[in-house]
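# Geometric and topological summary
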Amino acid sequence: MATHRIGILTGGGDAPGLNAVIRAVVKYAVGKLHWQVIGIEDSFNGMLDAPRRLHDLTPRSCQGLLHRGGTILGTTNKGDPFAMPDGSGGHTDRSGELAAAIRAEGLEGLIVIGGDGTQAIGLRLMDTHGIPVVGVPKTIDNDLSATDLTFGFISAVETATDALDRLHTTAESHDRVMLLEVMGRDAGWIALWAGVAGGADCIVIPEIPYDADRFAAKIKERRMRGRHFTIIVVAEGAAPKDGNTLPSEVPHGIGTLHTASAAHTLAKLLTERVDVDVRTTVLGHLQRGGGPVAFDRVLATEFGVRAVELINAGQWGDMVRLNKGKVTSVPIRDAVAEYRTVEENHPLLAVARSVGIEFGG
Ligand code: F6P
């Protein structure tokens, strides 16, 4: 059987289950097939630094990873080799240098674990410099259209649902309106799933620009029925119909300070309409941190093993995916072409509306 020497990296925001993918790849490729797997630190960056930041991964060095959150390889969303920050506000293309380093290390190709941005970089590396890649999709937002689910999503939904359960008891005790902001800049999947699972009264998602009057009416209608508290889940990218949100980012030193949020905007609009005691919780990175739930551990393991099988079969250029319950693959080119948001006719949206959840539009 042919032996291989491949690189593996994680790019973009982390997600519960990244380590489980790395573990599965190493256990199968190194432990069973006797290949060499080289871990590259911080997305593509570890290959560009001098000295290179690389690790020879073995089943022994990957022990205890299945349940561990984050990524042992580190990650970054500032690691596009085609547009690397040059330190003086501009960008420089270091992709040629990267390809040369990959070849110098004797790597036949890369397993690239990341979201659409990282997959697009991998594809460009293959198209422009002939570096073979196999993709493993990752995002807690579950917004990659090519796969039914990404690992990390269900873990994030569990965390958000647990937060809703906790908010419920205190909201009920104090007759308050509780707003929980969850992640989802462009897609409202976490808000939708957690909202249905956590029994929210209102769900606010980026795909449905809202009319705050409808949420105010919902709060009043609940009060009339003797329900003096209301639970609202807000995706971070949600905005009112008029688009007027409170400023959410302020330039700060070399980065950005995250200030008011989508939930704060809605809280302000609600207090202008109803005499209510409103509290806001921004769940933030708690959704990304921590270990994966059992489902995500299984999916991540299946994805890792399938990625190795793709390389074994010479199917470079493909990305693994879950399709109608089966782990298969799709060309990365097709996978990054489409983004999945909550479309108006999605069945879960209809189910949520059927049980009385208000979406504001
Ligand atoms: O894309 C995943 C995601 O979790 C988004 O939902 C969120 O807007 C973003 O990452 C946050 O990124 P950062 O960790 O850079 O703040």
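The structure we're discussing is the one just above.
Residues numbered from 1 in each chain as written. Predicted model: local features only at pLDDT ≥ 70, side-chain atom pairs only at ≥ 80, totals over all residues. Heavy atoms only, no water.

## Observations regarding unusual backbone geometry
Just so we agree on the cut-off: A run of H or I in DSSP becomes a helix once it reaches four residues, and a run of E becomes a strand once it reaches two; helices and strands are each numbered from the N terminus.
Cis geometry marks the peptide bond from A50 to P51; its omega dihedral reads -5 degrees. Checked against the element boundaries, P51 lands in the loop between α2 (45-48) and β3 (54-57). Positive phi is not limited to glycine here, since H34 has a value of about 65 degrees. Relative to the helices and strands, H34 resides in the loop between α1 (18-32) and β2 (36-40). If you check the backbone angles, S43 has positive phi at about 60 degrees while not being a glycine.

## Points about the site of the ligand
As a reminder, the rule being used: We call a residue near a molecule or strand as soon as one heavy atom of that residue lies within 4 Å of the molecule or strand. Within 3.5 Å is the distance limit for a polar contact, defined as a pair of N or O atoms, with the added protein rule that one can donate a hydrogen and the other accept it, and that residues adjacent in sequence qualify only through two side-chain atoms. To measure how exposed things are, a 1.4 Å probe is used in the Shrake-Rupley method; for residues, cover is taken only from the protein chains shown. We place a 1 Å grid over just the protein atoms. Points where a 1.4 Å probe fits but has no way out form a cavity, open points with protein on both sides within 12 Å along at least 5 of 7 lines form a pocket, and any residue with an atom within 4 Å of a point lines it. Cavity and pocket membership follows a simple rule, namely that a molecule belongs there if more than half of its atoms are within 2 Å of the grid points. Domain ranges listed in this record stem from an automatic or a database domain assignment.
What surrounds the ligand is the set N77, I140, D141, M183, G184, R185, E236, H285 and R288. In this structure, E236 approaches the ligand through a side-chain N or O atom, which is 2.6 Å from an oxygen atom. Contact distances for the ligand include 2.8 Å between an oxygen atom and a side-chain N or O atom of H285. Isolated, the ligand exposes 400 Å² of accessible area, and the fraction of that covered by the protein chains is 74%. With respect to the detected pockets, the ligand is housed in the largest pocket. Residues from two domains meet in the shell around the ligand; each of domain 1 (5-151 + 292-335) and domain 2 (156-288) gives at least three.

## Some remarks on the packing of aromatic side chains
Note the cut-off: Here the aromatic set is Phe, Tyr and Trp, taking the six-membered ring for Trp, and pairing holds for ring centres within 6.5 Å; pairs whose planes are under 30 degrees apart are stacked, those over 60 apart are edge-to-face, and all others are tilted. A simple rule labels every residue: compare its accessible area, found with a 1.4 Å probe on the protein chains alone, to the largest value its type can have, and call it buried under 20%, exposed over 50%, or partly exposed in between. Ring-over charges, as used throughout, are those where CZ of Arg or NZ of Lys falls within 6 Å of the ring centre and within 35 degrees of the ring normal.
In this structure the tally under the stated criterion is three aromatic pairs. Consider the rings of F151 and F303, whose centres lie 6.3 Å apart with planes at 75 degrees: the pair is edge-to-face. Of the two residues, F151 sits in the loop between β7 (133-137) and α5 (153-174) while F303 sits in helix α9 (residues 294-312), which places them 152 residues apart along the sequence. Classification of F151 as buried rests on a relative accessible area of 0%. Here F303 falls in the buried class, since its relative accessible area comes to 0%. Ring centres of F153 and W193 lie 5.3 Å apart, and the angle between their planes is 75 degrees; on these two criteria the pair is classed as edge-to-face. Separated by 40 residues along the polypeptide, F153 in helix α5 and W193 in helix α6 (residues 189-197) bring together distant segments of the chain. The buried category is assigned to F153, whose relative accessible area is 0%. Residue W193 is classed as partly exposed on the basis of its relative accessible area, which comes to 34%. The ring of F82 carries R124 above its face, with NZ or CZ at 4.0 Å from the centroid.

## Here's the deal with the layout of surface pockets
Under the convention used in this document: Grid points are joined across faces, edges and corners, and a volume is the space filled by probe spheres set on the points. Side-chain classes follow a simple rule in which Ala, Val, Leu, Ile, Met, Phe, Trp, Tyr, Cys and Pro form the nonpolar group, Asp, Glu, Lys and Arg form the charged group, and the remainder, Gly included, forms the polar group.
In this structure, the largest pocket spans a volume of roughly 1,300 Å³. Forming the boundary of the largest pocket are 46 residues, of which D141, M183, R185, E236 and R288 lie nearest the centre. Put simply, the parts of the chain that give the lining of the largest pocket at least two residues each are α4 (116-129), β8 (177-182) and α8 (262-271). The biggest single contributor to the lining of the largest pocket is α4, with four residues. Taken together, the residues that form the lining of the largest pocket break down as 11 nonpolar, 22 polar and 13 charged. When residues of the lining of the largest pocket are assigned to domains, at least three map to each of domain 1 (5-151 + 292-335) and domain 2 (156-288). In this model, the second largest pocket occupies a volume close to 170 Å³. In this structure, the second largest pocket is lined by 13 residues; those nearest its centre are P240, D242, N244, L269 and R273. Take the lining of the second largest pocket: its biggest share by element is three residues, from α8. Split into classes, the residues belonging to the lining of the second largest pocket amount to five nonpolar, three polar and five charged.

## Some remarks on the packing of helix α7 (residues 212-224) against α8
As a reminder, the rule being used: Each axis is a line fitted through C-alpha atoms, and for a helix only the stretch in contact is used; angles between axes span 0 to 180 degrees, taken between their N-to-C directions. A clockwise turn of the near helix away from the far one marks a right-handed crossing, whereas an anticlockwise turn of less than a right angle marks a left-handed crossing. Any pair of residues with heavy atoms lying within 4.5 Å of one another is described as a contacting pair.
Put simply, α7 and α8 touch, their axes get as near as 9 Å, and they point 65 degrees apart. Both α7 and α8 take part in a crossing whose hand is right-handed. Side by side, α7 and α8 meet where A212, F215, A216 and I219 of the first sit next to L266, L269 and L270 of the second. Per-class residue counts for the contact of α7 with α8 are seven nonpolar, no polar and no charged.

## Concerning the nonpolar core
For clarity, the threshold we go by: By convention a nonpolar core is built from buried Ala, Val, Leu, Ile, Met, Phe, Trp, Tyr and Cys residues, the set being connected through side-chain atoms within 4.5 Å.
Judged by nonpolar contacts, the single largest core of 68 residues is most densely connected at I8, V37, I111, I113, V136, F151 and L192. Here this core takes nine residues from α5, the largest share from any one element. Of the domains in this structure, domain 1 (5-151 + 292-335) and domain 2 (156-288) are the two that each give at least three residues to this core. Excluding anything up to four places from it in sequence, I8 contacts I22, V25, V37, I38, G39, I40, L57, L73, I111 and I113. Formed by 26 residues, the second largest nonpolar core is a distinct cluster that contains I40, F44, F82 and L123.

Remember, this is a structural readout, not a statement about activity or role.
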